[in-house]
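Here's the letter readout for the chains.
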Amino acid sequence: MPLSDDEKTVLARLFLKVGRAERRNRLLDAYYEGEQRVEQLGLAIPPELRRFLTIVAWPGTYVDALAERITLEGFELPDETESDADLWRIWQANALDRESKLAHLEALKFGQAFIVVGAGDADTPDAPSPDGGDEDRSREAATPLITVESSNEMAVELSPRTRQPIAAAKFYTEDGVAYATLYQPNVTVWLERRNATWVEVDRDEHELGVVPVVPLTNRAQLSRRHGRSAMSRIIGLTDAAARALTNAQIATEALAVPQRYVVGAQPDDFKDKDGNVLTAWEAYFGAVWALKNPEAKIGSLSAADLANFSGIVNHYAALVSGVTGLPMRYLGQATTNPPSAEGILADESRLIKQVEDFEVGAEAAWERVQEIGVRIRDGEWDPRMKQLETKWRSAATPTRAQAADAAVKLVSAGILPVEAAWEDMGYSPARRAKLKALRDAERAADPVLEIARSLPTQPAAPPVEPADAVAG
């Protein structure tokens, strides 16, 4: 069936939003990659000096420092104490260990990325279940398909009341042919561009009641729901540092070597014995030292001190550090003494907090993705998914020895069970399950050892004798 007028209007609006985002993202990507040249900043540099153009990649350093610390480790349902194996199976079946990293990086770079949830490929061979049950095999075959998408190709419209997507569209090109997918609450439409018109190719009446697209947004604001790039606040400082470095490059070429001067030289001083005029380099390194005029003077100018350029770049680095929370060592500024472990944690406190704030928004997005995925898989909404919790790896960077020492102390004091210590140490769910199985096997093989381990580790205090007995 052809597109309705409302669908055409929505598709046109979303197409314009993608176009605007793509133009904005092109500039942001250049800053991230360190390819935004000074000549594009409006600085007047002669053409013969353009080889000295340079820039710093501080925006990319900042984004990478945040993205490297964001790692999702599992999902917990409200009635469980361990990560849900079924939800983690959906996660791994869609290679989201890797794809989620791409989505987080995209959101930090451009302000927004998107996650699309759909029905899996029913033709995929069933994988054998761990216990050989038919139920697990059927669920494996019905695993929903979850993909991450760029804001260069996708846009959404949000409800002003619920802040949830009411429409979304993806636009892409393959082999020179333009395609689009329009997502609506109860239908998904696939389209192809023919003769400057979008023509419907297929339609799926899924009746989900929700748009199966979830935005993953960085730094959303009430007045800017689409978010903003993590780099936006330091682009101006990056431009300023680029100008300083470019000037330093030109000054190094022109003024770093002492300049010589000659007063009173004759034209014949710059000719060889045959009367041929010497080249500039021959005159500079040869005949300029022997002049016929006894009154001629030769001297040199001292080289320029270029330390001021270093001070300027360091100043801009300090400003970037103040805006982003990046430690100065991340910006290539060496310190006199290497930082201690405690100093590193204190130095990175703002960075850690920014990662945790990003994870709050990402948590809501991934939980919504899993909720829609379970609905597609089971055919009904699971009320428990409303209370789903996401588990993240710690954004801090303690050493392994520090983490182990803290875990031992907490377990010894009875504050945490051993299973929680394994989790704090960063062991994966599969590794924790294996360790638990090994421990249970050890307990079953040697119950006496288990009893001994349950005894208090501190010696009991000696009994206090009554005062009368002591006096007697």
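About the thresholds
- Every chain is numbered on its own, with residues counted from 1 as its sequence reads.
- Totals for whole chains, interfaces and linings use all residues, but because this is a predicted model, local features are given only for residues with pLDDT of at least 70 and pairs of side-chain atoms are given and counted only at 80 or more.
- Water and hydrogen atoms were dropped before computing side-chain values, which therefore reflect all heavy atoms in the structure.
- Strands are runs of DSSP state E lasting at least two residues, helices are runs of H or I lasting at least four, and both sets are numbered from the N terminus onward.
- Here, Shrake-Rupley sampling with a 1.4 Å probe gives the accessible areas, and only protein chains in the shown set may cover a residue.
- A strand pair is defined by DSSP finding two or more bridges across the two strands.
- As a per-residue measure, pLDDT reflects the predictor's confidence and takes values from 0 up to 100.
- Whether two residues are in contact is decided by their heavy atoms, any of which lying within 4.5 Å being enough.
- Only buried residues count toward a nonpolar core, which is a set of Ala, Val, Leu, Ile, Met, Phe, Trp, Tyr and Cys residues joined through side-chain atoms within 4.5 Å.
- When accessible area is computed with a 1.4 Å probe and restricted to protein chains, residues below 20% of their type maximum are described as buried, those above 50% as exposed, and intermediate ones as partly exposed.
- Simply put, an axis is a line fit to the C-alpha atoms, just over the touching stretch for a helix, and the angle between two N-to-C directions goes from 0 to 180 degrees.
- A pairing counts as a salt bridge when a side-chain nitrogen of Lys or Arg comes within 4 Å of a carboxyl oxygen of Asp or Glu.
- Two aromatic rings, drawn from Phe, Tyr or Trp (for Trp, its six-membered ring), form a pair once their centres lie within 6.5 Å of each other, and the interplanar angle then sorts them: stacked below 30 degrees, edge-to-face above 60, tilted otherwise.
- Placement of a positive charge over a ring is assigned whenever Lys NZ or Arg CZ falls within 6 Å of the ring centre and within 35 degrees of the normal to the ring plane.
- Exposure above 30% relative accessible area and the lack of any salt bridge qualify a residue for a patch; like charges then connect within 9 Å, and the nonpolar side chains Val, Leu, Ile, Met, Phe, Trp and Tyr within 5 Å.
- In this tally Asp and Glu are treated as negative and Lys and Arg as positive; neither His nor the chain ends contributes.
- Note that the charge is assigned to NZ on lysines, CZ on arginines, CG on aspartates and CD on glutamates.

**Q** It is not clear to me how the overall build of the protein chain should be interpreted in this structure. Could you clarify?
**A** Helix and strand content of the protein chain: 15 helices and twelve strands. As displayed, the protein chain offers around 27,200 Å² of accessible surface, 54% of which is attributable to carbon and sulfur atoms.

**Q** Whenever I open this one, the pairing of strand β5 (residues 165-174) confuses me. Can you help?
**A** Looking along a regular strand, one sees side chains alternate from face to face of the sheet. With five bridges joining them, strand β4 (residues 154-158) and β5 adopt antiparallel strand pairing. Bridge pairing in β5 links Glu157 to Ala167. Where β4 folds back onto β5 in an antiparallel hairpin, the turn is made up of six residues, including Arg163, whose phi is positive at roughly 65 degrees. Where β5 meets strand β6 (residues 177-183), seven bridges bridge the pair, whose relative direction is antiparallel. Paired with Ala168 across the strands is Tyr183, a residue of β6. Counted along the chain from β5 to the antiparallel partner β6, the turn is two residues long, and its residue Asp175 has a positive phi close to 55 degrees.

**Q** Can you walk me through the confidence of the model for the protein chain in this structure?
**A** For residues with low pLDDT, the predicted coordinates do not support detailed interpretation. Overall, the predicted model of the protein chain reaches an average pLDDT of 81, with 73% of residues at or above 70. The low-confidence segment residues 123-141 (pLDDT under 50) makes 14 contacts with residues lying over four places distant or belonging to another chain.

**Q** How do you make sense of the environment of Leu245 when you look at a structure like this?
**A** When you line up the elements, Leu245 lands in helix α6 (residues 235-255). If we ignore the near neighbours within four places in the chain, the residues touching Leu245 are Thr54, Val56 and Val313.

**Q** Teacher, can you tell me more about the nonpolar core here?
**A** Considering soluble globular proteins, one finds that nonpolar side chains tend to be buried as a cluster. Formed by 58 residues in total, the largest nonpolar core has its most connected members in Trp58, Phe75, Leu87, Leu108 and Trp366. Broken down by element, this core gets its largest block of residues, ten residues, from helix α10 (residues 349-378). For Leu108, the residues in contact, after removing those within four places along its chain, are Val63, Leu66, Ala67, Ile70, Asn218, Ser229, Ala230, Met231 and Phe358. Grouped together as the second largest cluster of nonpolar side chains are 15 residues, Leu3, Val187, Leu191 and Trp198 included.

**Q** What exactly am I supposed to notice about the sheet that holds β5 here?
**A** In sheet architecture, strand pairing relies on hydrogen bonds along the backbone and comes in two forms, parallel and antiparallel. Across the sheet, which stays open at both edges, the five strands sit in the order β4-β5-β6-β7-β8 with antiparallel pairing between neighbours. Each edge of the sheet is formed by a strand with only one pairing partner; in this case those strands are β4 and β8 (197-204). The mean angle between the axes of side-by-side strands here comes to 20 degrees, regardless of whether they run parallel or antiparallel. Pairing analysis gives seven bridges linking strand β7 (residues 188-194) to β8, with the strands arranged antiparallel. Bridge pairing in β8 links Trp190 to Asp202.

**Q** When you look at the pattern of salt bridges in this model, what are you seeing that I'm missing?
**A** Pairing between side chains of opposite charge can happen when their charged atoms approach one another. Tallied over the full model, the rule gives 20 salt bridges. With a shortest N-O distance of 3.0 Å, Glu348 and Arg329 are connected by a salt bridge. Of the two residues, Glu348 is situated in the loop between α9 (341-347) and α10 and Arg329 in the loop between α8 (307-324) and α9; the sequence distance between them amounts to 19 residues. On the basis of relative accessible area, Arg329 is assigned to the partly exposed category, the value being 30%. Linked by salt bridges that have partners in common, Asp86, Arg89, Arg377 and Asp378 make up one network.

**Q** Please clarify how unusual backbone geometry should be interpreted in this entry.
**A** Glycine aside, negative phi is the norm for most residues, and most peptide bonds take the trans geometry. Here the phi dihedral of Asn195 falls at roughly 55 degrees; this positive angle occurs in a residue that is not glycine. Along the chain, Asn195 turns up in the loop between β7 and β8. With a phi angle near 65 degrees, Ala196 is a residue other than glycine that sits in the positive phi range. Mapping Ala196 onto the fold places it in the loop between β7 and β8.

**Q** Where do I start with the packing of aromatic side chains in this structure?
**A** Geometry of an aromatic ring pair is reported as the spacing of the ring centres plus the angle between the planes. According to the stated counting rule, one finds six aromatic pairs in the structure shown. With a centroid separation of 5.7 Å and an interplanar angle of 10 degrees, the aromatic rings of Trp88 and Trp91 are classed as stacked. With Trp88 and Trp91 both in helix α3 (residues 85-93) and three residues apart, the pair spans about one turn of that helix. On the accessibility criterion, Trp88 (13% relative accessible area) is buried. Judged by its relative accessible area of 1%, Trp91 is buried. Summarising the aromatic geometry, the rings of Tyr172 and Tyr179 are spaced 5.6 Å apart at their centres and angled 25 degrees between planes, so their arrangement reads as stacked. Grouped by ring-pair contacts, the aromatic residues Phe75, Trp88, Trp91 and Trp366 constitute a single cluster. Here the basic side chain of Lys170 rests over the ring of Tyr172, its NZ or CZ set 5.0 Å away from the ring centre.

**Q** Looking at this structure, how should I read a positive patch on the surface?
**A** The grouping of Lys17, Arg20, Arg23 and Arg26 at the surface amounts to a positive patch. For Lys17, the location among the structural elements is in helix α1 (residues 5-33). Classification of Lys17 as partly exposed rests on a relative accessible area of 31%.

**Q** Help me out: how do you make sense of the environment of Arg26 in this one?
**A** Structurally, Arg26 is set in helix α1. For the pair formed by Arg26 and Asn152, sequence separation is 126 residues and the distance between their alpha carbons is 8.9 Å.

**Q** What is the right way to look at the sheet that holds strand β9 (residues 213-217) in this model?
**A** Read from one edge of the open sheet, three strands run β3-β2-β9, paired in antiparallel fashion. Either end of the sheet is taken by a strand with one partner, and the two such strands are β3 (145-150) and β9. On average, each strand axis in the sheet is tilted by 25 degrees relative to the strand beside it, whichever way the strands run. Sheet topology note: the strand β2 (residues 112-118)/β9 ladder contains five bridges and is antiparallel. From the neighbouring strand, Ala113 faces β9, where its bridge partner is Leu216. Across the face of the sheet, helix α4 (residues 96-110) comes into contact with β2, β3 and β9 while running at roughly 145 degrees to β2.

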